Amino acid sequence: MNQISVIGAGLMGSQIALCAAFAGFKVHLYDVDEQRLQTSQQQLAKQMEKYIKKGLFSKTQFDQANDNLILETSLSKAIEQADLVIEAIVEDLTLKRNLFQQLDEFAPPHAILATNSSMIVSSMLASSTTRPDKVCNLHFFNPVFLMSVVEVVKGAHTSNETAQAAVDFVKRIHKTPLLLQKEITGFIANRILTKVMEEAMFLLEEGIATVEEIDLACTKALNHPIGPFALMDLTGLDTAYAIQKTQFELENDAKEPSPLLKEKLAHGQLGRKTGQGFYTYQ
Ligand SMILES: NC(=O)c1ccc[n+]([C@@H]2O[C@H](COP(=O)([O-])OP(=O)(O)OC[C@H]3O[C@@H](n4cnc5c(N)ncnc54)[C@H](O)[C@@H]3O)[C@@H](O)[C@H]2O)c1
């Protein structure tokens, strides 16, 4: 495996692409929105500056990784030589299914098609391709450079070779693969996380505690590194809403996203990326 293509240059796609580029892969990064493709570079540079200051990477390593990263404005060009395509577009089943059909059309026959979706199992996307055996979930966590685990989900349609190649790729980018042998919506971490978030939202809506108090309970009483509201701000409230809505649509016992979350979206409060979410950012 030499050539990686990442589709979607948002919060996750841009970090996944750079992370693979750091490990020496040639990476093609594509986004349907050209402006987004450009701004992703500025955001990555800003993030890297912090990591370099903290001593996590050197400037030389960052420059070398950047040389491995190619921005693409044509989907077919972005994936024509790919060995592995990682999809990281918005959490929307219809859009992802349409995209997988195109990936199947333009990527070489041997290429593995993986999704970074937070909730959607890959069988729902594999059926829009002619290579279901080469489709799987490859689920990264944010911030990609700091989170060491990647969930690899093997559906009944995924071949053993594909699952093994995905696991090997995760190891090559210096992360720990967590291989699930069976599909389940939301996999492991997000199934647990959505329950925490549901309860946090309930406590807030019932007026039992404030955003700060609930986050404090999680960080100081449960020893979570970050509280659920701060985490939603980091994820992006639009993405957090899309993830919860997808789970509600796919699972019988899942809850609808909270009206409070909808209200924040209506006011353009998307978390860190807009400077205002549950907290205010400079
Ligand atoms: N935000 C997180 O913390 C997080 C963590 C793990 C997984 N995920 C998953 O990763 C995926 C992306 O999330 P994100 O937070 O990066 O979202 P984002 O909104 O930051 O980025 C999505 C990008 O996809 C692009 N896009 C939309 N349709 C496209 C298409 N047809 N072709 C190419 N590009 C297209 C958009 O222009 C945007 O740049 C989602 O499936 C989400 O569930 C998110």
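Keep in mind the model is a prediction, meaning the values are calculated, not measured.

Caption draft 1: Spotlight on the side chain of Lys-154. Here Lys-154 is to be found in the loop between strand E7 (149-153) and helix H7 (160-172). Here Lys-154 is buried and forms no salt bridge, its nearest opposite-charge partner Glu-161 lying at an N-O distance of 8.3 Å. Polar contacts involving the side chain of Lys-154 include one to the main-chain carbonyl oxygen of Thr-158, which spans 3.3 Å. For Lys-154, the side chain forms a polar contact with the side chain of Asn-160, separated by 3.4 Å. What Lys-154 contacts, discounting residues up to four positions off in sequence, is Ser-159, Asn-160, Ala-163, Leu-179, Leu-180, Gln-181, Lys-182 and Glu-183.

Caption draft 2: Broad picture of the packing of aromatic side chains. Taken as a whole, this structure holds seven aromatic pairs when the rule is applied. Each ring, one from Phe-22 and one from Phe-145, has its centre 5.4 Å from the other, and the planes form 75°; the classification is edge-to-face. With Phe-22 in helix H1 (residues 11-22) and Phe-145 in the loop between strand E6 (135-139) and E7, this pair connects stretches of sequence that are 123 residues apart. Classification of Phe-22 as partly exposed rests on a relative accessible area of 21%. Within the aromatic cluster, the residues linked to one another by ring pairs are Phe-22, Tyr-51, Phe-57 and Phe-145.

Caption draft 3: The arrangement of the site of the ligand in detail. Every one of the 24 residues lining the ligand counts as a neighbour, but Met-12, Asp-31, Glu-91, Lys-96 and Ser-118 are closest to it. With respect to the ligand, the side chain of Ser-118 contributes an N or O atom lying 2.6 Å from an oxygen atom. Thr-235 is positioned such that a nitrogen or oxygen atom in its backbone is 3.2 Å from a nitrogen atom of the ligand. In the complex, 91% of the free accessible area of the ligand, which totals 840 Å², lies under the protein chains. Looking at the shell around the ligand, the elements that each hand over two or more residues are H1 and helix H11 (237-250). Per-class residue counts for the shell around the ligand are ten nonpolar, nine polar and five charged. Three or more residues apiece are contributed to the shell around the ligand by two domains, here domain 1 (3-180) and domain 2 (191-274).

Caption draft 4: View of helix H8 (residues 189-205). Helix length check: H8 (17 residues) gives 24 Å between terminal C-alpha atoms against 24 Å at 1.5 Å per residue, within 8%. Taken residue by residue, H8 has Asn-190, Thr-194, Met-197, Ala-200, Met-201 and Leu-204 as its buried positions. Each buried residue of H8 lies within a common arc of 125° when the element is viewed along its axis, so the set occupies one face. The positive-phi residue at the C-terminal boundary of H8 is Gly-207, with phi of around 75°.

Caption draft 5: Broad picture of a positive patch on the surface. A cluster of basic residues, Lys-46, Lys-50, Lys-54 and Arg-272, forms a positive patch on the protein surface. Position of Lys-54 relative to the elements: it lies in the loop between helix H2 (34-53) and helix H3 (59-67). Overall, the relative accessible area of 63% leaves Lys-54 in the exposed class.

Caption draft 6: Highlighting the side chain of Thr-162. On the secondary structure map, Thr-162 appears in helix H7. Thr-162 has contacts with Ile-112, Asp-133, Lys-134, Val-135 and Cys-136, leaving out every residue within four places of it along the chain.

Calculation rules
- Residues numbered from 1 in each chain as written.
- Predicted model: local features only at pLDDT ≥ 70, side-chain atom pairs only at ≥ 80, totals over all residues.
- Heavy atoms only, no water.
- Helix = DSSP H or I, 4+ residues; strand = E, 2+ residues; numbered from the N terminus.
- Buried < 20%, exposed > 50% of the residue type's maximum accessible area, 1.4 Å probe, protein only.
- Lys, Arg positive; Asp, Glu negative; His and termini not counted.
- Salt bridge = Lys/Arg side-chain N within 4 Å of Asp/Glu carboxyl O.
- Polar contact = N/O pair within 3.5 Å; in protein donor to acceptor, adjacent residues only side chain to side chain.
- Contact = heavy atoms within 4.5 Å.
- Phe/Tyr/Trp six-rings, centres within 6.5 Å; stacked < 30°, edge-to-face > 60°.
- Near = heavy atom within 4 Å.
- Areas by Shrake-Rupley, 256 points an atom, 1.4 Å probe, with all protein chains shown as cover.
- Nonpolar A, V, L, I, M, F, W, Y, C, P; charged D, E, K, R; others polar.
- Domains from an automatic or database assignment.
- Expected span 1.5 Å × (residues − 1).
- Arc of directions from axis to C-beta.
- Patch = residues over 30% accessible without salt bridge, like charges linked within 9 Å, V, L, I, M, F, W, Y side chains within 5 Å.
- Charge placed at Lys NZ, Arg CZ, Asp CG, Glu CD.

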